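# Residue-level structural notes
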Amino acid sequence: MGEPAEDLGYATDLEVIERLVPLSGQSLIDVGCGDGALARVLVERGATVLGVEADPIRAEANCAAPTAERVTLVEGVAQALPVADGSVDGVIFSKSLHHVPEADMAQALVEARRALRPETGYLYVFEPMVDGPFSDLLRPFHDETDARRAAREAMRDLVPRLFAAEREVRYTITAEFDNFEALVSRMVGHTYNEYQRQDIETDAVRSRFETGRDGDIFRFDQPMRGNLFQTDAAVVRV
Ligand SMILES: C[S@@+](CC[C@H](N)C(=O)[O-])C[C@H]1O[C@@H](n2cnc3c(N)ncnc32)[C@H](O)[C@@H]1O
């Protein structure tokens with residue numbers, strides 16, 4: 001697991017998921033599903049999705065949201081998935097493995113493997129990389145370097161023992177904002193971060209924000225890393 005060899009260029013998270021793994025007809029778990037936005041999009045692509053969210057406030061809001069066919073959002077944790085052994089086709093961590101407490105990351109990966117069909121299952125983990133203009137913009141108040149490194153180390157240590165094959169890609173997403181207030185609005189109010197407006201409205205963040213100016217808008221690239229692990233080497237897509 002060195003630097004990702006395969007660079008897919010600019011792409012959205014969803015475009016990369018669609019390129020790497022089958023979705024239609026698949027039963028998936030979206031671990032750390034947040035508000036369930038990705039789970040719903042995966043359902044639109046033909047999957048059946050169980051979204052598991054650890055944060056009780058977010059999970060309660062998910063339960064109160066309108067229901068939709070083939071998507072179920074529940075409260076739970078990555079390290080104890082509420083499914084039977086070998087019962088799902090895919091497990092996806094969308095920017096969530098680095099939010100699992102470090103002491104539980106290994107167990108979260110073991111759980112994903114337990115939940116997957118032994119012959120054909122896949123685990124796909126995608127995370128922001130620690131470098132790049134968007135991470136640099138946020139770093140004064142939101143430095144996830146250690147957590148992202150811990151997630152990567154947990155994968156590196158465990159995955160060769162749990163999975164038969166792996167593929168690693170990198171790609172770049174772009175965050176766009178009309179103005180500084182749009183950045184502030186995007187960063188506050190998440191239950192998994194506790195930033196206040198005053199943590200963000202600082203000279204350090206404002207001056208970094210100016211570096212992203214592109215005409216009337218502000219753009220910041222964020223390199224992403226995607227790690228796909230398969231239970232059986234024979235089913236790796238290339
Ligand atoms: C950065 S958010 C990503 C949300 C969503 N997956 C997305 O892509 O927008 C990380 C999520 O992981 C959740 N989380 C943290 N620890 C978790 C755990 N142990 N098990 C499941 N989810 C967890 C957080 O509550 C939060 O919703």
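In the block above lies the structure referred to throughout.
Heads up: these notes are all about the structure in this document. (Residues numbered from 1 in each chain as written. Predicted model: local features only at pLDDT ≥ 70, side-chain atom pairs only at ≥ 80, totals over all residues.)

The next point concerns the overall build of the chain. When helices and strands are counted, the chain shows 9 helices and 9 strands. Rg of the C-alpha trace for the chain: 18 Å, near the compact-globule value of 18 Å for 238 residues, within the 12% margin. Along the longest, intermediate and shortest principal axes, the C-alpha atoms of the chain span 55 × 45 × 35 Å. Considering the chain as a whole, with its 238 residues, one finds that 35% of them fall into the buried category. Of the contacts made within the chain by residues no fewer than 6 positions apart, 74% connect residues no fewer than 24 positions apart. (Helix = DSSP H or I, 4+ residues; strand = E, 2+ residues; numbered from the N terminus. Rg over C-alpha atoms; globule rule 2.2 N^0.38 Å. Buried ≥ 20, exposed ≤ 12 C-beta atoms within 10 Å, placed from the backbone. Contact = placed C-beta atoms within 7 Å.)

Okay, the site of the ligand next. In the vicinity of the ligand lie 20 residues, with Gly32, Gly34, Ala54, Ala78 and Ser94 positioned nearest. Here the shell around the ligand is composed, by residue class, of 9 nonpolar, 6 polar and 5 charged. (Near = placed C-beta within 6 Å. Nonpolar A, V, L, I, M, F, W, Y, C, P; charged D, E, K, R; others polar.)

What follows covers unusual backbone geometry. Unlike most non-glycine residues, Arg70 shows phi in positive territory, near 70°. Along the chain, Arg70 falls in the loop between helix H3 (56-64) and strand S4 (71-75). Judged by the 16 C-beta atoms lying within 10 Å of it, Arg70 is partly exposed. Located in the positive-phi region is Lys95, a residue other than glycine, with phi close to 55°. Position of Lys95 among the secondary structure elements: in the loop between strand S5 (90-94) and helix H4 (105-115). Assessed through the 17 C-beta atoms surrounding it within 10 Å, Lys95 is described here as partly exposed.

Examined bridge by bridge, strand S6 (residues 122-128) and strand S9 (residues 217-230) share 7 bridges and lie antiparallel to one another. In the sheet register, Phe126 faces S9, and the bridge partner there is Gly226. When strand S7 (residues 165-177) meets S9, the two strands line up antiparallel, connected through 13 bridges. The partner of Ala165 across the bridge, within S9, is Gln230. (Pairing = 2+ DSSP bridges.)

This part covers the packing of H4 against helix H6 (residues 145-162). Helix packing geometry: the angle between the two helix axes and the distance between the axes. It is at 9 Å that the axes of H4 and H6 come closest, and there the two elements cross at 40°. Put simply, H4 runs oblique to H6. Where H4 crosses over H6, the handedness of that crossing is right-handed. Listed contacts from H6 to Met105, Ala106, Leu109, Val110 and Arg113 of H4 are Ala150, Ala151, Ala154, Met155, Leu158, Val159 and Leu162. Classifying every residue of the contact of H4 with H6 gives 11 nonpolar, no polar and 1 charged. (Axes fitted to C-alpha atoms, helices over the stretch in contact; angles between N-to-C directions. Parallel < 35°, antiparallel > 145°, perpendicular 65-115°, else oblique. Left-handed = near helix turned anticlockwise from the far one by under 90°.)

Here we come to the environment of Val159. Turning to its location among the elements, Val159 is positioned in helix H6. Residue classification places Val159 among the partly exposed positions, given that 18 C-beta atoms sit within 10 Å. Put simply, Val159 and Gln230 are 71 residues apart on the chain and 9.7 Å apart in space, counted from C-alpha to C-alpha. The contact partners of Val159, leaving out residues within four places of it in the chain, are Leu109, Glu166 and Phe229.

Turning to the environment of Asn193, a few remarks are in order. Mapped onto the elements, Asn193 comes out in the loop between helix H7 (180-187) and helix H8 (197-200). Considered as a pair, Asn193 and Gly34 are 159 residues apart in the sequence and their alpha carbons are 12 Å apart.

With that settled, consider H3. Along H3, the positions that sit buried rather than exposed are Arg58, Ala59 and Asn62. Seen from one end, H3 has its buried residues packed into an arc of 100°, which puts them on one side. Along H3, exposed side chains directed more than 90 degrees from the buried face belong to Pro56, Ile57, Glu60 and Ala64. Packed against the buried residues of H3 are strand S3 (48-53) and S4. (Arc of directions from axis to C-beta.)

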